[in-house]
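Listed below, chain by chain, are the residues.
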Amino acid sequence: MPRHATPRRYLMCSPAHFKVTYSINPWMDPTKPVDVSLAVAQWEDLRERYRSLGHTVEELTPRPELPDMVFAANGATVIDGRVLGARFAHAERAAEAAAHLDWFREHGFAEGELCEPVHINEGEGDFAVTASYVLAGRGFRASPLSHGEAQEFFGRPVIGLDLVDPRYYHLDTALAVLDDSTDSGDAVMYYPGAFSPGSRAVLRRLFPDALIAEERDAAALGLNAVSDGRHVLLPQAAVGLFEPLRERGFEPIGMDLGELLKGGGSVKCCTQELRC
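Now for a look at the structure at hand. Keep in mind it's a predicted model, so treat the numbers as computed, not measured.

Some details on the pattern of salt bridges
- Applying the stated rule across the entire model yields 23 salt bridges.
- Arg-9 is the partner of Glu-58 in a salt bridge, and the nearest nitrogen-oxygen pair spans 3.2 Å. Linking Glu-58 in strand β2 (residues 56–60) with Arg-9 in strand β1 (residues 9–13), this pair joins segments that are 49 residues apart in sequence.
- Glu-58 gets classed as partly exposed once you look at its relative accessible area, which sits at 21%.
- Salt-bridge contacts for Glu-113 lead to Arg-82; the nearest nitrogen and oxygen are separated by 3.1 Å. Within this pair, whereas Glu-113 is found in the loop between α2 (96–106) and β5 (114–115), its partner Arg-82 is found in strand β4 (residues 82–85), the two being separated by 31 residues in sequence.
- Accessibility expressed as a relative area gives 30% for Glu-113, which makes it partly exposed.
- Look at the salt bridges and you will find they share partners, linking Arg-8, Glu-124, Asp-180, Lys-268, Glu-273 and Arg-275 into a network.

See the structure below:
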């Protein structure tokens, strides 16, 4: 049975200054050249696809000294109009946090709804929002202490999940929320190999009907996906996920973000959801 899409509002940032000159995850290799014009074209294709589906896309101005700003999902987490800012684990990205909070201030978000965190979290890289929970990754970037901070700020139960494979250094590389509506119930897809045994058991208990990804699709960053409840935008190389998604009533849309994959990100990494 086909599912229903709901209009979304996203924040994105052009890769106009994207480059890989350092390595802070296993995907980054400074010896591999980056084609910036191709990266921009691929990013623009994603932005326009969102708009063609009826979604609103806001844009953050890229800064030359911050080549990873294109991965806008890491800059904050927004739930019910409340904004939990980021605190990055690596110095190379630290200034992105202030750039994001400045954007929210400039766009009408009240100071009382903004929180500059005490503990390390990298926004929606490690926070995934379902109808019932905030799923929170830890193990490579986010501090476990950030989970309690998020729970207190948002007033939603936060479920900690341990990541154990460095290729899946953020939760959004290992798990995607497919449906966050209260009517349809929580729907997710994930790759079990990215998680500790205890976290796999938690995921099975919380999401017994989850779509389980194979290793080859996870390795294509197929779980770095964005869903509006019906359309699922994901890397086109994750071919093994397309038919299982269709069988569950979703409409998969393959995207080519191959240049940005050189920085360790794909569809979701480029997309911060503004839940207001």
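Re α2
- Within α2, the full set of buried residues consists of Glu-96, Ala-97, Ala-99, His-100, Leu-101, Trp-103 and Phe-104.
- Looking at the buried side of α2, the elements it contacts are β1, β2, β3 (76–79), β4, β5 and β15 (272–273).
- In the segment just after α2, Gly-108 is the residue with positive phi, at about 90°.

Section: the packing of aromatic side chains
- Per the stated rule, a full pass over the model turns up eight aromatic pairs.
- Between Trp-103 and Phe-104, the aromatic rings sit 5.2 Å apart at their centres with planes inclined by 90°, giving edge-to-face as the arrangement.
- Geometrically, the ring pair formed by Phe-104 and Phe-109 is edge-to-face, given 5.0 Å between the ring centres and 90° between the ring planes. For the residue pair Phe-104 and Phe-109, the accessibility class agrees, reading buried in each case.
- Three or more aromatic residues joined by ring pairs make a cluster, and in this case those are Trp-103, Phe-104 and Phe-109.

Quick word on empty space enclosed by the protein
- Scanning the entire structure with this criterion turns up two cavities of 30 Å³ or more.
- Put simply, the largest cavity is a space of about 220 Å³.
- Lining the largest cavity are 21 residues, with Val-177, Ala-225, Lys-268, Glu-273 and Arg-275 sitting closest to its centre.
- Elements with a contribution of two residues or more to the lining of the largest cavity: β6 (127–129), β9 (175–179) and β12 (226–227).
- Counting residues per element, the lining of the largest cavity draws most heavily on β9, at five residues.
- Of the residues belonging to the lining of the largest cavity, the class tally is ten nonpolar, two polar and nine charged.
- Space inside the second largest cavity adds up to approximately 60 Å³.
- In terms of lining residues, the second largest cavity is bounded by Ile-24, Asn-25, Met-28, Asp-68, Phe-71, Asn-74, Arg-93, Arg-141, Tyr-169, His-170, Gly-263 and Cys-269.
- Here the lining of the second largest cavity is built from residues that sort into five nonpolar, four polar and three charged.

As for the layout of surface pockets
- Size it by volume and the second largest pocket reaches roughly 150 Å³.
- Of the residues contributing to the lining of the second largest pocket, the split by class is eight nonpolar, two polar and four charged.

Here we look at the pairing of β1
- Counting buried positions along β1 yields four of five residues, so the element is predominantly enclosed.
- Taken together, the five bridges between β1 and β2 define a ladder with parallel strand orientation. Bridge assignment links Leu-11 to a residue of β2, and that residue is Glu-58.
- This β-α-β element, β1 to helix α1 (residues 36–52) to β2, shows right-handed connectivity.
- Across two bridges, the pairing between β1 and β15 is antiparallel. Across the sheet, the residue bridging to Tyr-10 is Glu-273, located in β15.

The rules behind these values
- Residues numbered from 1 in each chain as written.
- Predicted model: local features only at pLDDT ≥ 70, side-chain atom pairs only at ≥ 80, totals over all residues.
- Heavy atoms only, no water.
- Salt bridge = Lys/Arg side-chain N within 4 Å of Asp/Glu carboxyl O.
- Helix = DSSP H or I, 4+ residues; strand = E, 2+ residues; numbered from the N terminus.
- Buried < 20%, exposed > 50% of the residue type's maximum accessible area, 1.4 Å probe, protein only.
- Contact = heavy atoms within 4.5 Å.
- Phe/Tyr/Trp six-rings, centres within 6.5 Å; stacked < 30°, edge-to-face > 60°.
- 1 Å grid on protein atoms, 1.4 Å probe; cavity = no way out; pocket = protein on both sides within 12 Å on 5 of 7 lines; lining within 4 Å.
- Points joined across faces, edges and corners; volume = space filled by probe spheres on them.
- Nonpolar A, V, L, I, M, F, W, Y, C, P; charged D, E, K, R; others polar.
- Pairing = 2+ DSSP bridges.
- Right-handed = clockwise from strand over helix to strand, strands pointing away.

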